[in-house]
Amino acid sequence: MSEIEKNTDWTRRQFIVRTGAAAAAGAVAPFALASAPGSLKGISRSANEKLVIGLVGCGGMGAANMRNLMNFPDVEIAAVCDVDENRMPGDISTVEKKYGRRPDVYKDYRKILDRKDIDAVIVGTPDHWHALVLIHACQAGKDAYCEKPISHNIVEAQYMAEAVKQHKRVVQCGTWQRSTKEFTDAIDYIRSGKLGRVTLCRAWISDDFRAGRQKPTTPPAGLDYDSWVGPAAMLPYQSNRCHWNWRWFMNFGGGLSTDWGVHMMDIALLGMSKDENLVMPTKVSAFGGQLAILDDDRTAPDSMEAIYEFHDPNFTMHWSIGRDHPGKESHGTEFVSADGRTLRVWRGGWKVLDSGGKEIPKEESAPPPNHWRDFVDCVKTRNKPRADLGSVAQTTIVCHLSNAALYAGETVHWDGERNDIAGKAGKNTLSYKRPYRKGYKLPVYKPLSTEVG
Ligand SMILES: NC(=O)c1ccc[n+]([C@@H]2O[C@H](COP(=O)([O-])OP(=O)(O)OC[C@H]3O[C@@H](n4cnc5c(N)ncnc54)[C@H](O)[C@@H]3O)[C@@H](O)[C@H]2O)c1
C-alpha cells in the first residue's frame, strides 16, 4: 500500500481550520504585474535550484504543459504517468531526447506522490479526476500545475481550495489567458476605470461539436478503463466519450460552460474584481440544453443563456453557448459601461468602442510573465501564482453554477459568506456534488465557519 493510500483515510477533524477575516478592501491591483506577494508559507528555494516534476495525464494538455515547463533550465521531468499505456510513448521520448534518459513510468499517480525527490506534479487528467489527484498531491506535500476547470463539481472545488490553503501548497491553474497580453491589458483597462462604470459583462463560446453515436465496445488493449473512469459513475467504454471527448459528457466534464467558461468568464470576473479574490454572483438563472445537436451521444448542453446577478459592484453577466454571434469572434468577453462604451477581448486582440461603435484609442500595460515560468518562480518564492487555485476555484464555481441552474430548472442563489449555494435549488445536480464510485473517497476539507452540503 502506498503512503498516499494510507493517508486518504484521514478524518475530517484533522483538517478543520477557521477561515480568516475577509480581505480588507484596498487599492485596485494592476493585473499585468508579476505574482502577488507571498501569503503561502513554506520553504523558499534558491533561484538556481532544480524543480523536479512528474506528469499525471499524458498525451493532451498535460503533455503541452510538460513541454512548456521543459523550456526552463531549472526544471527536470522525472516521471510520467497515465492509465493508458498508449498515451505515454510520445511523452517518454520527449523526455528522453531532452535529458538523455528515460523518465520513470507509472500507471498509478500515487507512486509519483510517494517519491521524495519529486517536488511538483502536473495534473493533466480529465476533469473528473482533478480533485483526487490534486488533494492527494497536497497531502503528499507536492506543489502542482493543475488543469482547468479545476473540478468536476462545486463541492470538489471547495475542498480543493481548502486543501491547497491548509497544506500551504503553490498551485498554478491552466487558465493561461491570465498571462497573455491582450487579456491583462483589457483587465487593467477595466480596473483603472477608463471604461467608466461597467454594468454588463458578456462572455461566449461557439459550439458545434458532435460526439456522434456509438455502441459500447471492449476498451483498447493498454487502457485501464476502470481506472480511467475512477471516481465517476461507471459507463461502458465508448471511444466517443473517452480521451478528449469526455468533456461533452456530464459524467466526466461540464461541457463548454466549464471547458471554455472558465477561460472567458474568468476574464469578466477578474476585470470586475479589485484583485484575484474574485467578486461572486448572488444568483444565476440559465436556459437551454441540447437544442441544436440532435441524434448524438453527448449529454452536455449545446445551447445556453445564463444570466448572473452581482452586487458590489452592481452588474449582470451574460454567459452564452451557441452559434449565433454574427460579426463576432467564436469566443470572447465584453464589458459594457453605463454610457454605452464597450471593451471586447478575445484570443488575439482587444478593442474599445464608443457608444456609436467607433474604435477608440486604448492603452497598453507591461507584458505579463510567462504562465509556466510564473509557476516555477512561485514554487521557489512561495508567492501566489497568477492563476492561484483559490482564485480559479471561484471562477470554476461560477461556471458550475450555470449548469446547476440549467439542470435544476430554477434560479440558484449563492451565499458569499458561506461560500456555498444558498437554499436547495441546484444542490441536487451533478454540477454541485457527485457520489464517488465504490473504492474512491474524496477527502473532506471544510473550514469550520463554512458547512458544505
Ligand atoms: N488550459 C487549456 O487551455 C486546456 C486545453 C485543453 C485541455 N485542458 C484541460 O486539460 C485536462 C486534460 O484535457 P485533455 O484534452 O488533454 O484530455 P485527454 O483525454 O486528451 O488527456 C487526459 C489524459 O489523462 C489520462 N488519465 C485519465 N485518468 C488518469 C489517472 N487517474 N492517472 C493518470 N492519467 C490519467 C488519460 O488516459 C489521458 O491520456 C482537462 O482538465 C482539460 O480541461 C486545458
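See above for the structure.
(A) Region of the structure containing the environment of A338. Here A338 is to be found in the loop between β11 (331-337) and β12 (342-346). Considering only alpha carbons, one finds A338 and R197, 141 residues apart in sequence, at a separation of 5.8 Å. Not counting residues up to four positions away in its chain, the partners in contact with A338 are R197 and T199.

(B) View of the packing of helix α7 (residues 181-191) against helix α10 (residues 261-271). At a minimum axis separation of 8 Å, α7 and α10 run at an interaxial angle of 35 degrees. In this structure, α7 contributes F183, I187, I190 and R191 to the contact, and α10 contributes M264, I267, L270 and G271. Its residues assigned to classes, the contact of α7 with α10 comprises 6 nonpolar, 1 polar and 1 charged.

(C) The site of the ligand, seen in detail. The environment of the ligand is formed by 28 residues, the closest being M61, D82, R87, D127 and K148. Between the ligand and E147, the relevant distance is 3.0 Å, taken from a nitrogen atom to a side-chain nitrogen or oxygen of the residue. At a separation of 3.3 Å, an oxygen atom of the ligand approaches a polar side-chain atom of H263. Contact with the protein chains hides 94% of the accessible area of the ligand, taken as 850 Å² for the molecule alone. Among the elements that take part in the shell around the ligand, helix α5 (residues 127-139) stands out by supplying 3 residues, more than any other. The class makeup of the residues in the shell around the ligand is 12 nonpolar, 8 polar and 8 charged.

(D) Quick look at the packing of helix α6 (residues 154-166) against helix α12 (residues 389-408). At a closest axis distance of 9 Å, the pairing of α6 and α12 adopts a crossing angle of 175 degrees. The orientation of α6 with respect to α12, classified from their angle, is roughly antiparallel. For the pair α6 and α12, the contacting residues are I154, A157, Q158, M160, A161 and V164 in the first and L389, G390, A393, I397, H400 and L401 in the second. Of the residues contributing to the contact of α6 with α12, the split by class is 9 nonpolar, 3 polar and no charged.

(E) Summary view of the pattern of salt bridges. Counted by the stated rule, this structure contains 27 salt bridges. In this structure, E334 engages R202 in a salt bridge whose closest nitrogen and oxygen atoms are separated by 2.7 Å. One end of the pair, E334, is in strand β11; the other, R202, is in strand β7 (residues 198-206), and 132 residues separate them in sequence. The residue R344 makes a salt bridge to E334 at a minimum N-O spacing of 2.6 Å. Placement of the pair is R344 in strand β12 and E334 in strand β11, with a sequence separation of 10 residues.

(F) Just the layout of surface pockets, in detail. Computed from the structure, the second largest pocket encloses a volume of approximately 960 Å³. Of all the secondary structure elements, the ones that give two or more residues to the lining of the second largest pocket are α4 (109-113), α5 and α8 (225-229). Element by element, the count of residues in the lining of the second largest pocket is highest for α5, at 5 residues. Classifying every residue of the lining of the second largest pocket by side-chain character gives 15 nonpolar, 12 polar and 15 charged.

(G) Representation of the packing of aromatic side chains within the structure. All chains considered together, the criterion is met by 13 aromatic pairs. Seen in terms of ring centroids, Y189 and W350 are 5.6 Å apart; in terms of plane orientation they differ by 65 degrees. Their pairing is edge-to-face. Here Y189, found in helix α7, pairs with W350, found in strand β13 (residues 349-353); they are 161 residues apart in sequence, far enough to count as distant. Here Y189 and W350 have matching classes, each one buried. Among the aromatic residues, ring-to-ring pairing joins Y225, W228, Y237 and F252 into one connected group. Between R247 and the ring centre of W246, over which it is positioned, the NZ or CZ distance is 4.7 Å. Across the ring face of F72, the terminal group of R373 is positioned such that the distance to the ring centre comes to 5.0 Å.

(H) Quick peek at the nonpolar core. By size, the foremost hydrophobic cluster in this structure holds 101 residues, and its most contacted members are Y308, M317, W319 and L343. Top element by residues in this core is α12. It accounts for 9 residues. With near-sequence residues (within four places) excluded, M317 lies in contact with C201, M265, A268, L269, A306, I307, Y308, F310 and V398. Grouped together as the second largest cluster of nonpolar side chains are 23 residues, M70, I77, V95 and Y145 included.

(I) Spatial organisation of the sheet that holds strand β5 (residues 143-146). Strand order across the open sheet formed by 6 strands is β3-β2-β1-β4-β5-β6, with parallel pairing between neighbours. Looking along the sheet, the strands with just one partner apiece sit at the ends: β3 (104-106) and β6 (171-173). For this sheet, the mean angle separating the axes of adjacent strands, direction not counted, is 20 degrees.

(J) Broad picture of the pairing of β12. Among the 5 residues that make up β12, 5 are buried, leaving the element largely enclosed by the rest of the structure. Here β12 shows no split at all, with T342, R344 and W346 on one side and L343 and V345 on the other all buried. By the bridge criterion, 4 bridges tie β11 to β12 in an arrangement that is antiparallel. Across the sheet, residue V336 finds its bridge partner in β12, namely T342.

So, how was this worked out
- Residues numbered from 1 in each chain as written.
- Predicted model: local features only at pLDDT ≥ 70, side-chain atom pairs only at ≥ 80, totals over all residues.
- Heavy atoms only, no water.
- Helix = DSSP H or I, 4+ residues; strand = E, 2+ residues; numbered from the N terminus.
- Contact = heavy atoms within 4.5 Å.
- Axes fitted to C-alpha atoms, helices over the stretch in contact; angles between N-to-C directions.
- Nonpolar A, V, L, I, M, F, W, Y, C, P; charged D, E, K, R; others polar.
- Near = heavy atom within 4 Å.
- Polar contact = N/O pair within 3.5 Å; in protein donor to acceptor, adjacent residues only side chain to side chain.
- Areas by Shrake-Rupley, 256 points an atom, 1.4 Å probe, with all protein chains shown as cover.
- Parallel < 35°, antiparallel > 145°, perpendicular 65-115°, else oblique.
- Salt bridge = Lys/Arg side-chain N within 4 Å of Asp/Glu carboxyl O.
- 1 Å grid on protein atoms, 1.4 Å probe; cavity = no way out; pocket = protein on both sides within 12 Å on 5 of 7 lines; lining within 4 Å.
- Points joined across faces, edges and corners; volume = space filled by probe spheres on them.
- Phe/Tyr/Trp six-rings, centres within 6.5 Å; stacked < 30°, edge-to-face > 60°.
- Buried < 20%, exposed > 50% of the residue type's maximum accessible area, 1.4 Å probe, protein only.
- Lys NZ or Arg CZ within 6 Å of the ring centre and 35° of its normal.
- Core = buried A, V, L, I, M, F, W, Y, C linked by side-chain atoms within 4.5 Å.
- Pairing = 2+ DSSP bridges.

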